[in-house]
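Structural description and commentary
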Protein chains: 2
Amino acid sequence: MKPKADKPGIKDVATRAGVSLGSVSRVINKVENVSPELRQRVLHAIAELDYRLNHAAQTLRSRSSRTIGCMFTDVTNPLYANLYRIYEERFRANGYMVLLANSLNNPEWELEILSMFQSRRMDGIIIAPGNERNASVLAAVQKIDLPAVILDRDMNVNQDLVLFDHAPAVQQAMEHLIDQGHREIALVISGTQTRPMLRRIEGYQAGFAARGLPARADLQVLLPASTAPAFDLVHELLQRPARPTALLTLGTSVLADVLNAIRAQGLRIPRDISVVSTGEPDFARSHQPRISSVTVDLDAAVRESTALLLTRIREGRAAAPRRVVVPTIFTLRGSCGPAPATAPRTR
Amino acid sequence: MKPKADKPGIKDVATRAGVSLGSVSRVINKVENVSPELRQRVLHAIAELDYRLNHAAQTLRSRSSRTIGCMFTDVTNPLYANLYRIYEERFRANGYMVLLANSLNNPEWELEILSMFQSRRMDGIIIAPGNERNASVLAAVQKIDLPAVILDRDMNVNQDLVLFDHAPAVQQAMEHLIDQGHREIALVISGTQTRPMLRRIEGYQAGFAARGLPARADLQVLLPASTAPAFDLVHELLQRPARPTALLTLGTSVLADVLNAIRAQGLRIPRDISVVSTGEPDFARSHQPRISSVTVDLDAAVRESTALLLTRIREGRAAAPRRVVVPTIFTLRGSCGPAPATAPRTR
DNA sequence: TTGTAAGCGTTATCAG
DNA sequence: CTGATAACGCTTACAA
């Protein structure tokens, strides 16, 4: 009796089934040319031995890990949590696993994660670096020689891009508010120099411009991050002599802080103040009144980026980089109303 | 000139640096016995060639993937999103990557994910299966021959366990509410047959029992999932002839729905109704009044489970399974007050 | 249709 | 301290 302590390998399966190594591999990989009888014997042996394929060996030899890497800033951000879940589902359907890494906006980690993706020979990666202006991150992204899709970042690199078209819908929201008599419209978002935020500011300013109004820098509240506490800042904002009568805010936990600050101030939505959020966090779904919002169709975004990546994986890095723009939609709901008749002063 | 199209390997580095294969490996793996001069040469060659370690080959040979697998039901649940982020940070500090897989409560996926963890030779796994009663999942978990930690699940298996001690703090919250005159105390949680929920129900009933009151089944609202919409059910609950004067609820998006339903009903917290949540979602941090809560110290939970897993990885599967209980704490805040003086009737 | 044998890029075990 | 050499467990030509 041989003390075979180690896990059974394809070899053990082969001897057990009385066939050759190659045949077992063919059965496992569902190659066509196998007689049903042989397949049965192999399957049987596999079950008996409780054989598990060794993914490392398979990857090494076949040069494919059947894995997709995702680098986001923070799963704690519902946008990324949802994205990740949908990606996982879609890629799983295509036989891929999905690996998630949070960069937490740390440029060094972003470099490390990218390097790790390469050394693990990911079949493809989907990334939304937090530091789209950082020189070394930019260089690293440019140099990636894996099939890659960059998600909603303005990086001038030779990679496939999926961009959300934030500005137009934000502008549309602004125009609606202005047409409803609002003038003091605040913007509460993250101040990170990153595409979504910059584009939103763009739309915000374009909205004023389209109605012949000057953009107001003093009404922009820029937080350190998308999930930073915003209560105090908004509270302060609402206590100004000429407080905003409308507010456009991030649809993360920032929205919760905004709603709480509004409530703490004794203001009613939409009577005293109108609210629009960019994105819709779960907790907002039951809010009364419903919050108007500027959203991107997540399923569409995932569909597009998945298709892009799978194509890139198929065609290799030779083909020219592609770029897909996913539209963004303004949905008007109960949280928006006309500006209060009396000019708002300190209460 | 040789058309070396392929990525450079350790071999190329060796010839380039004029040293042997083994020496390069020694440098890469930071083994002590290398002369500084040789190390420099190798490091230089690595930089010149932009050499990337092949993780698959490394894993195959060294029998360690330096990867930890996590299986949770859904990253969209803030509890898991936060847990994952902390795990990633801690394991990264120990040189491990973390792989996340969402089972979405689907038993077949749970089996598939567990099998994938084994074939990828994870160095360790942390799992919280959604189906702790499912026979095949249970069997699969029992059979896991990887270092594993099971997170807050009552599974009678030979694996390390980290359990949150939900019941006592819930009971404490109940006793406080009862002592404040509350009798109609509702429980709004998920009806999944899973440890956290069952333990909370246990604490809920124990609270009544401790004060000599009968447990009331009609005040328990069981949702299909931890993130299921709860607005309508709670709204209905609050319209009953004898509506609850206090409410204990899940600290997920369910809490948001509860707060919205209370507000929609025109009730004030804590004057008309007291609220306690199990866990504190981000959006609740700025709520006024602050929500009393029953929480587990996530950092402690992560610390314990990380330590347990690392120990298990070090010691192997020989040592007897360990079990760690992480306490849970009731924090009294402004959302709790005395029961309304007048017996609550329909408004 | 099936068997045979040569690697994939590392690490580990020896000698030197 | 360094160099040669044999695995690790699989896929994939190529032969039979």
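We now turn to the structure provided with this report. Quantities reported herein were computed from a predicted structural model and do not represent experimental measurements.

1. With respect to the interface of chain A and chain B
Taken together, the contacts link 59 residues of chain A with 59 residues of chain B. Roughly 5,100 Å² of surface becomes buried between chain A and chain B when both sides are summed, with 51% attributable to carbon and sulfur atoms. Remark: the boundary between chain A and chain B carries six salt bridges. A salt bridge links Arg285(A) to Asp257(B), with the shortest nitrogen-to-oxygen separation between them at 3.3 Å. Listing elements by their share of the side of chain A that touches chain B, those giving two or more residues are α4 (55-62), α5 (78-93), β2 (97-102), α6 (107-119) and α11 (253-264) of chain A.

2. Observations concerning the sheet that holds strand β7 (residues 220-223) of chain A
Residue and element names in this part refer to chain A. The six strands lie next to each other as β7-β6-β8-β9-β10-β12, forming an open sheet whose pairing is mixed. This sheet does not close on itself; its edge strands, each paired only once, are β7 and β12 (328-331). Each strand axis lies, on average, 15° off the axis of its neighbour in the sheet, ignoring direction. Pairing geometry for strand β6 (residues 185-190) and β7, over four bridges, is parallel. Bridge assignment links Ile-189 to a residue of β7, and that residue is Leu-222. Contacting β6, β8 (246-250), β9 (274-278), β10 (292-296) and β12, helix α8 (residues 166-179) runs over the sheet at an angle of about 20° to β12.

3. What to know about the packing of helix α10 (residues 231-238) of chain A against α11(A)
Residue and element names in this part refer to chain A. Running from N to C, α10 and α11 point in directions that differ by 40°, and their axes come no closer than 9 Å. Between α10 and α11, the angle falls in the class oblique. Where α10 crosses over α11, the handedness of that crossing is right-handed. Contacts between α10 and α11 involve Phe-231, Val-234, His-235 and Leu-238 from the former and Asp-257, Val-258, Asn-260, Ala-261, Ile-262 and Ala-264 from the latter.

4. Observations concerning the protein's contact with DNA strand D
Contacts to DNA strand D come from 26 residues, most closely from Ile10(A), Tyr51(A), Arg61(A), Ser35(B) and Arg61(B). For DNA strand D, the fraction of protein-proximal atoms (within 4 Å) that sit in sugar or phosphate groups is 61%. Contact distances for DNA strand D include 2.9 Å between a phosphate oxygen and a side-chain N or O atom of Ser25(A). At the level of elements, α2 (21-28) and α4 of chain A together with α2 (21-28) and α4 (55-62) of chain B are the ones that each hand at least two residues to the surface near DNA strand D. Residue classes in the surface near DNA strand D are distributed as nine nonpolar, eleven polar and six charged.

5. Description of the pairing of strand β12 (residues 328-331) of chain B
All names here are of chain B. Alternating positions in β12 separate cleanly, Thr-328 and Phe-330 being buried on one face and Ile-329 and Thr-331 remaining unburied on the opposite face. Where strand β10 (residues 292-296) lies against β12, four bridges are found, and the strand directions are antiparallel. For Thr-295, the partnering residue across the bridge sits in β12 and is Ile-329.

Here is what the cut-offs are and how they apply
Residues numbered from 1 in each chain as written. Chains lettered and ligands numbered in written order. Predicted model: local features only at pLDDT ≥ 70, side-chain atom pairs only at ≥ 80, totals over all residues. Heavy atoms only, no water. Contact = heavy atoms within 4.5 Å. Buried area = accessible area lost by both parts, 1.4 Å probe. Salt bridge = Lys/Arg side-chain N within 4 Å of Asp/Glu carboxyl O. Helix = DSSP H or I, 4+ residues; strand = E, 2+ residues; numbered from the N terminus. Pairing = 2+ DSSP bridges. Axes fitted to C-alpha atoms, helices over the stretch in contact; angles between N-to-C directions. Parallel < 35°, antiparallel > 145°, perpendicular 65-115°, else oblique. Left-handed = near helix turned anticlockwise from the far one by under 90°. Near = heavy atom within 4 Å. Polar contact = N/O pair within 3.5 Å; in protein donor to acceptor, adjacent residues only side chain to side chain. Nonpolar A, V, L, I, M, F, W, Y, C, P; charged D, E, K, R; others polar. Buried < 20%, exposed > 50% of the residue type's maximum accessible area, 1.4 Å probe, protein only.

The analysis is restricted to geometry; functional conclusions fall outside its scope.
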